[in-house]
Amino acid sequence: MASKIFAGDMPELVENIFKNVNNDNYSLYSCALVSRHWCRISIPIIWQDPFKYAERNTFISKYFSSLDENEKLILKNHGINEEFSKTLFDYAKFLKVLDLSRISIYVKKWIESQLASKSYDDSLIYHISNLLIKLYIESGATLHKLDIYICVFNEFKPEIINSLRRNEQFLSRIQYLFLSLIEISEINTEIVITLLKILEKTPMKLNVLQIDYDYFTVSSGENRKKFHGIVSALECQIRSLREVLIADCDYSEDFQILMNCENLEILRIRYCNYRKLLKKFDHNRISTFELVDCQIDASEMRIIFEKSGTSLQRLKLESIDGFIIEQSLLLGALKSFCPNITFLDISFIEISIQFLDLISNLQKLQFLTLWLFWSVDETPNEVQIIQLAMQIARALPLTLQYLDLRNSRLNPYIGILLNNCNAPLKQLLIESIDGKKNAEALVKFCKRKRTLKYVGVDNYCDWELDDNFLKVDKYVTVVLYDDILVDC
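Residues numbered from 1 in each chain as written. Predicted model: local features only at pLDDT ≥ 70, side-chain atom pairs only at ≥ 80, totals over all residues. Heavy atoms only, no water.

Draft legend 1. Focus on the overall build of the protein. Check the secondary structure of the protein and you find 21 helices and 16 strands. In the protein, of all internal contacts separated by at least 6 residues, the share reaching a separation of at least 24 is 69%. (Helix = DSSP H or I, 4+ residues; strand = E, 2+ residues; numbered from the N terminus. Contact = heavy atoms within 4.5 Å.)

If you want it as structure tokens, here you go:
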């Protein structure tokens, strides 16, 4: 049976194997050594996003085996004399993810590894980055994700734009588009608008859009004109857009073009003044809403909760100033309009009777993160904290599987919380296994519920031979909490 798998005679089983190792480059490299058939499957996956997983910059040389003599001569004139040997694969055509910010970083490292002297003209980075991009475009590759990060080192030469026009397949299947502009110059803006106009002529249907202006003001003056041109060029995509992320931007009326996306389901806003945007919000299909590092005013949140209603399933609220304005109104709106929430990540919340009532009434809640919360008494004594731990535990719905309490006052009292918890938790994130009582309570919870699979902690290296750790580790896998990933 094994020989059949390696030879490709059982395609469904082989497909499942590669699905499980799709994001693990070490395993993919191992798979490439199994057989020729597995090598032909592994290599295109490994080279879809080479700038994400590469630990070294030497992979850039593999692309340059197809350079013509004139291009090689230009490199030699800059002191790069490497002989680029022929490769078994045309690696450039496997590219699916292109992040322009990473290209300039890796090219810079590659140049320094090639030159005996670390002294070189910055224009060399610009030249080689453009050379690499041109190879990708003309290789026959088709992108799925494009991160347009424009700065002085990765501006496009005119020949790149011309090459894109001749090779429309390169941009024809993009689903994820990220626009990040560090320097809003006329040249940069024109490059982005030209790219977007080329996209407009392809059959591409954009699903996800992220706009990041890195704290530049776009609400007035010349920046407003430049921003308007960029957003207007995206207008043709409003029917297909499913997700929008806006970061580091002042409000501009041009955002309303994006808010008219009739199939918009996911809206993420970070480090922005969002108030005017939400006042004109008119969607009833938002399933995921995220507001991070913004001032949270419940009177404005109510609009999106009421409009989204039963469609809202995933909610993340993180206040920039450490409190929520009119918290009672926010909790009331959530309870009234949004009963189908499955994921709730909320910071700087006051643990009140109303909040506990909301949690217990979210009968589909599976993931709960509570950071930097407090009780009505801002300086509670130990008795009050114990009561708080018991109240939270008893409010947790029987659907809850993931609980994150890392950044809270409850770590010394996790044992009390678990002793009063009936939720079938599968993953619990805490600061540490603090003391014998907490360790015993964790073991007791594992035996009682038989559901807990992982406990994520801040750091266990210093006490991994501690008796409390060894006690718990027999019943549940203890990992660093960074290894437990849940995306909103």
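Following the structure, the description resumes.
Draft legend 2. Focus on the environment of Arg409. Summarising the element assignment, Arg409 is placed in the loop between strand S13 (402–404) and helix H19 (414–419). For Arg409, a relative accessible area of 39% translates into the label partly exposed. Measuring from C-alpha to C-alpha, the distance between Arg409 and Ala389 comes to 9.5 Å, with 20 residues separating the pair along the chain. (Buried < 20%, exposed > 50% of the residue type's maximum accessible area, 1.4 Å probe, protein only.)

Draft legend 3. Region of interest: helix H17 (residues 353–361). All of the buried residues in H17 are Phe355, Leu356, Leu358 and Ile359. Here the buried residues of H17 occupy an arc of 155 degrees about the axis, which is enough to place them on one side. (Arc of directions from axis to C-beta.)

Draft legend 4. Fine view of empty space enclosed by the protein. Within this structure, the stated rule accounts for four cavities of 30 Å³ or more. Estimates place the volume of the largest cavity at around 60 Å³. Lining the largest cavity are Leu98, Leu100, Ile133, Ile137, Leu146, Ile148, Phe156, Leu164, Phe170, Leu171 and Leu195. At the level of secondary structure, the elements contributing two or more residues to the lining of the largest cavity comprise helix H9 (123–138) and strand S2 (145–150). Residues of the lining of the largest cavity, tallied by class, amount to 11 nonpolar, no polar and no charged. (1 Å grid on protein atoms, 1.4 Å probe; cavity = no way out; pocket = protein on both sides within 12 Å on 5 of 7 lines; lining within 4 Å. Points joined across faces, edges and corners; volume = space filled by probe spheres on them. Nonpolar A, V, L, I, M, F, W, Y, C, P; charged D, E, K, R; others polar.)

Draft legend 5. Broad picture of a negative patch on the surface. A cluster of like negative charges, contributed by Glu431, Asp434, Asp458, Asp482 and Asp483, occupies part of the molecular surface. The topology assignment puts Glu431 in the loop between strand S14 (427–429) and helix H20 (435–449). Note on Glu431: relative accessible area 34%, which makes it partly exposed. (Patch = residues over 30% accessible without salt bridge, like charges linked within 9 Å, V, L, I, M, F, W, Y side chains within 5 Å. Areas by Shrake-Rupley, 256 points an atom, 1.4 Å probe, with all protein chains shown as cover. Salt bridge = Lys/Arg side-chain N within 4 Å of Asp/Glu carboxyl O. Lys, Arg positive; Asp, Glu negative; His and termini not counted. Charge placed at Lys NZ, Arg CZ, Asp CG, Glu CD.)

Draft legend 6. Representation of the packing of H9 against helix H10 (residues 158–166) within the structure. At a minimum axis distance of 10 Å, the contact between H9 and H10 shows a crossing angle of 5 degrees. In this view, H9 runs roughly parallel relative to H10, as classed from their interaxial angle. Contact with H9, carried on its side by Asn130, Ile133, Lys134, Ile137 and Glu138, involves Glu159, Ile160, Ser163, Leu164 and Arg166 of H10 and no other residues of that element. (Axes fitted to C-alpha atoms, helices over the stretch in contact; angles between N-to-C directions. Parallel < 35°, antiparallel > 145°, perpendicular 65-115°, else oblique.)

Draft legend 7. Representation of the side chain of Thr369 in the model. For Thr369, the position within the fold is in strand S11 (residues 367–371). When its relative accessible area of 6% is taken as the criterion, Thr369 is described as buried. If near-sequence neighbours (up to four positions away) are discounted, Thr369 is found in contact with Leu344, Asp345, Ile346, Tyr402 and Asp404.

Draft legend 8. View of the confidence of the model for the protein. Of all residues in the protein, 77% attain a pLDDT of 70 or more, and the chain-wide mean is 80. Summarising per-element confidence for the protein, the mean pLDDT is lowest in helix H1 (residues 2–7) (50) and highest in S13 (95). Considering only residues more than four positions removed or in separate chains, one finds that residues 215–221, a stretch of pLDDT under 50, has 20 contacts. (pLDDT = per-residue confidence, 0-100.)

Draft legend 9. Main features of the pairing of S11. Here strand S9 (residues 343–347) pairs with S11 via five bridges, running parallel. Opposite Ile346, over in S11, you have Leu370 as the bridge partner. Pairing geometry for S11 and S13, over three bridges, is parallel. Considered in S13, the bridge of Phe367 is made with Tyr402. (Pairing = 2+ DSSP bridges.)

Draft legend 10. Up close: the pattern of salt bridges. Across all of its chains, the model carries 11 salt bridges by this definition. Ionic pairing is found between Arg166 and Glu138, a salt bridge with its closest N-O pair at 3.5 Å. A residue pair is termed long-range when its members are at least 10 positions apart, and Arg166 in helix H10 and Glu138 in helix H9 qualify at 28 residues. In this structure, Asp404 engages Arg406 in a salt bridge whose closest nitrogen and oxygen atoms are separated by 2.6 Å.

Draft legend 11. Highlighting the packing of aromatic side chains. All chains considered together, the criterion is met by 15 aromatic pairs. Ring geometry for Phe51 and Tyr106: centres 5.7 Å apart, planes at 70 degrees, overall edge-to-face. Remark: Tyr106 occurs in helix H8 (residues 100–114) and Phe51 occurs in helix H5 (residues 50–53); sequence separation between them is 55 residues. Accessibility assignment for this pair places Phe51 and Tyr106 in one class, buried. Taken together, Trp47, Phe51, Phe59, Tyr63, Phe89, Tyr91, Phe94, Tyr106 and Tyr136 form an aromatic cluster joined through their ring pairs. Directly above the aromatic system of Tyr106 lies the positively charged group of Lys109, at a separation of 5.6 Å from the ring centroid. Directly above the aromatic system of Tyr481 lies the positively charged group of Arg406, at a separation of 4.2 Å from the ring centroid. (Phe/Tyr/Trp six-rings, centres within 6.5 Å; stacked < 30°, edge-to-face > 60°. Lys NZ or Arg CZ within 6 Å of the ring centre and 35° of its normal.)

Draft legend 12. Structural context of helix H4 (residues 36–46). Buried residues of H4: Trp38, Cys39, Ser42, Ile43, Ile45 and Ile46, and no others. Taken end-on, H4 shows its buried residues confined to a sector of 160 degrees, consistent with a single buried face. Those residues of H4 that are exposed and angled more than 90 degrees off the buried face are Arg36 and Arg40.

Draft legend 13. Examining the environment of Ser139 more closely. Along the chain, the position of Ser139 falls in the loop between H9 and S2. Residue class for Ser139 comes out buried when judged on its relative accessible area of 19%. Discounting chain neighbours no more than four positions away, the residues touching Ser139 are Asp90, Ala92 and Lys93. A polar contact of 3.4 Å, which involves the side chain of Ser139, links it to the backbone oxygen of Ala92. A polar side-chain atom of Ser139 sits 3.4 Å from the main-chain amide nitrogen of Lys93. (Polar contact = N/O pair within 3.5 Å; in protein donor to acceptor, adjacent residues only side chain to side chain.)

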